[in-house]
Amino acid sequence: MSVRCGIGYDLHRLAEGRPLIIGGITVPFDKGPVGHSDGDVLAHALCDALFGAAGLGDIGTHFPDTDPKWKGADSLKFLERARILLDEENFKIEHVDAVVILEKPKLGPHFPKMREALAKSLGVAPETIHLKAKTNEGVDAVGRGEAIACHVVATLSSVSE
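This text gives an overview of the structure that appears in the document. (Residues numbered from 1 in each chain as written. Predicted model: local features only at pLDDT ≥ 70, side-chain atom pairs only at ≥ 80, totals over all residues. Heavy atoms only, no water.)

1. A few points about the side chain of Thr155
Among the structural elements, Thr155 can be located in strand β7 (residues 147-158). Sequence-distant contacts of Thr155, defined by excluding residues within four places in its chain, comprise Val3, Arg4, Cys5, Lys92, Ile93, Glu94 and His95. (Helix = DSSP H or I, 4+ residues; strand = E, 2+ residues; numbered from the N terminus. Contact = heavy atoms within 4.5 Å.)

Next comes the structure, spelled out in structure tokens:
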């Protein structure tokens, strides 16, 4: 058995009147991410971490923003596809650790639903996914409330056949 880790990062501008979708759920707020799909920074960073750990490229390779079929797409579908690709390569998701960075709103109360949604899409137990939230304390675009960012580390195991 071998163990691999991958990192993922995503950032989106925030705009008035768009839904704030994080970890597959809609969080009540007056701003949401601007993106080709639903702009879910957590799902996007998680895809990149999983693809990186498995050596399968990145989210843009699999779901290019130049392809109209991904316009407005639910990012949980990206994670479902990632799970299929990991299964095909004999990888198992061992652990996910993520930090979402934004000034407002508070995310802690929404973490259980996010973990459930992400776990369901990935076919893992919710306990496999650890979520944290941080602010940028007023510094840069994230700190001014103009953007949202996310960092993810994913750990996979592989059993050679």
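Now that the structure has been shown, we can carry on.
2. Quick word on the packing of helix α3 (residues 75-88) against helix α4 (residues 111-122)
Two quantities define a packed helix pair, namely the angle between the axes and the distance from one axis to the other. Interaxial distance between α3 and α4 falls to 7 Å at its minimum, and their mutual angle equals 40°. When the axes of α3 and α4 are compared, the pair comes out oblique. Here Leu76, Leu79, Glu80 and Arg83 of α3 come into contact with α4, specifically with Ala117, Leu118, Lys120, Ser121 and Leu122. Here the contact of α3 with α4 is composed, by residue class, of five nonpolar, one polar and three charged. (Axes fitted to C-alpha atoms, helices over the stretch in contact; angles between N-to-C directions. Parallel < 35°, antiparallel > 145°, perpendicular 65-115°, else oblique. Nonpolar A, V, L, I, M, F, W, Y, C, P; charged D, E, K, R; others polar.)

3. Section: the nonpolar core
One finds Leu42, Leu50, Leu79, Met114 and Val152 to be the most contacted residues of the largest nonpolar core, which totals 47 residues. Taken together, the elements giving at least two residues each to this core come down to β2 (20-22), β3 (25-27), α1 (41-54), α3, β5 (91-101), α4, β6 (129-134) and β7. In this view, Leu79 contacts Ala43, Leu46, Cys47, Leu50, Leu118, Ser121 and Leu122; residues no more than four positions away in its chain are not counted. Val99, Val142, Ala147 and Ala149 belong to the second-largest nonpolar core, a separate cluster that totals five residues. (Core = buried A, V, L, I, M, F, W, Y, C linked by side-chain atoms within 4.5 Å. Buried < 20%, exposed > 50% of the residue type's maximum accessible area, 1.4 Å probe, protein only.)

4. Thoughts on the layout of surface pockets
Rolled over the atoms, a probe as big as a water molecule pinpoints where empty space is left. By volume, the largest pocket amounts to about 210 Å³. Along the wall of the largest pocket there are 13 residues; nearest its centre are His36, Ser37, His44, Phe63 and Asp65. Elements supplying a minimum of two residues to the lining of the largest pocket: β1 (2-16) and α2 (59-62). Here the lining of the largest pocket is composed, by residue class, of five nonpolar, six polar and two charged. (1 Å grid on protein atoms, 1.4 Å probe; cavity = no way out; pocket = protein on both sides within 12 Å on 5 of 7 lines; lining within 4 Å. Points joined across faces, edges and corners; volume = space filled by probe spheres on them.)

5. Side note on the environment of Gly55
As for its placement among the helices and strands, Gly55 is situated in the loop between α1 and α2. In sequence terms Gly55 and Arg4 are 51 residues apart; their C-alpha atoms lie 9.5 Å from each other.

6. Re the environment of Arg13
With respect to the helices, strands and loops of the structure, Arg13 is situated in strand β1. C-alpha of Arg13 to C-alpha of Leu50: the two residues are 37 residues apart in sequence and 23 Å apart in space. Those residues in contact with Arg13, other than ones at most four positions away along the chain, are Gly32, Pro33, Val34, Glu146 and Ala147.

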